[in-house]
Amino acid sequence: SQQGEEDPQALSIQEGENATMNCSYKTSINNLQWYRQNSGRGLVHLILIRSNEREKHSGRLRVTLDTSKKSSSLLITASRAADTASYFCATLSPNSGGSNYKLTFGKGTLLTVNP
Amino acid sequence: NAGVTQTPKFQVLKTGQSMTLQCAQDMNHEYMSWYRQDPGMGLRLIHYSVGAGITDQGEVPNGYNVSRSTTEDFPLRLLSAAPSQTSVYFCASSYSSGVETQYFGPGTRLLVL
């Protein structure tokens, strides 16, 4: 079953506006990562936030993590048409045997930024 | 560095055929994994490997085999292709056991008729 669930499934905004995507998960995690996927391409890592961190910034990206609510949000400020893509959260947690870790992806949010 | 490479980019198979999807990385990463991506389903982990000679099952391993004889290569074998295996397959790698950033290949689009 999916560990992370993004919300909304799709988001359409105008260039220059901010875009916020949310991710909820079910079990305890080591870290949470956000990835971007342009249409027909592979995933590109955006940002990683560890379970003991609450907020992280990278350029126009701001990620928050609330482990008590098991949720994270990704904020893209001053969006551009080139930000149009699908965005996935992925949670890292121990596998069932406890000896290794697994990275579990959500279903993604499709962001469309209109010029 | 080429990063993570996958071949072929696109493949059409008939039901029952077998094939191998190739994945290679030149970053000396220990951890490699295979995902499939289906519409509305996100990415689901098929198999992963924490180093040469060590593999383990992910969320949806049935119908797939893997082996890891070298650090660089992690091929995914479809034993007897079924239409349900029509999907886009992504290989990924990272320096250590999945704890860090995953680097993804460009994907292989597979159609099983």
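Residues numbered from 1 in each chain as written. Chains lettered and ligands numbered in written order. Predicted model: local features only at pLDDT ≥ 70, side-chain atom pairs only at ≥ 80, totals over all residues. Heavy atoms only, no water.

(A) The arrangement of the sheet that holds strand E7 (residues 64-66) of chain B in detail. All names here are of chain B. Taken in spatial order, the 4 strands make up an open sheet running E1-E3-E8-E7, and their pairing is antiparallel. Of all the strands in the sheet, the pair left with one neighbour each is strand E1 (4-7) and E7. Averaged over all adjacent pairs, the angle separating strand axes in this sheet is 20°, with direction ignored. Pairing of strand E3 (residues 19-25) with strand E8 (residues 76-78), which is carried by 3 bridges, proceeds in the antiparallel orientation. Counted as the bridge partner of Leu-21 is Leu-76 from E8. (Pairing = 2+ DSSP bridges. Helix = DSSP H or I, 4+ residues; strand = E, 2+ residues; numbered from the N terminus. Axes fitted to C-alpha atoms, helices over the stretch in contact; angles between N-to-C directions.)

(B) The arrangement of the sheet that holds strand E1 (residues 5-7) of chain A in detail. Residue and element names in this part refer to chain A. Pairing is antiparallel across the open sheet formed by 5 strands, whose spatial order is E1-E3-E8-E7-E6. Lying at the two open borders of the sheet, with one neighbouring strand each, are E1 and strand E6 (55-58). Recorded for the sheet is a direction-independent mean angle of 20° between the axes of neighbouring strands. As paired strands, strand E7 (residues 61-66) and strand E8 (residues 71-76) are joined by 6 bridges and run antiparallel to one another. Bridging across to E8, Leu-61 finds its partner in Ile-76.

(C) Representation of the environment of Leu-65 of chain A. All names here are of chain A. Relative to the assigned elements, Leu-65 resides in strand E7. For the pair formed by Leu-65 and Asn-52, sequence separation is 13 residues and the distance between their alpha carbons is 8.9 Å. Among residues more than four places away in sequence, those in contact with Leu-65 are Tyr-25, Ile-29, Leu-32, Ile-49, Arg-50, Ser-51, Glu-53, Arg-54, Ser-71 and Ser-72. (Contact = heavy atoms within 4.5 Å.)

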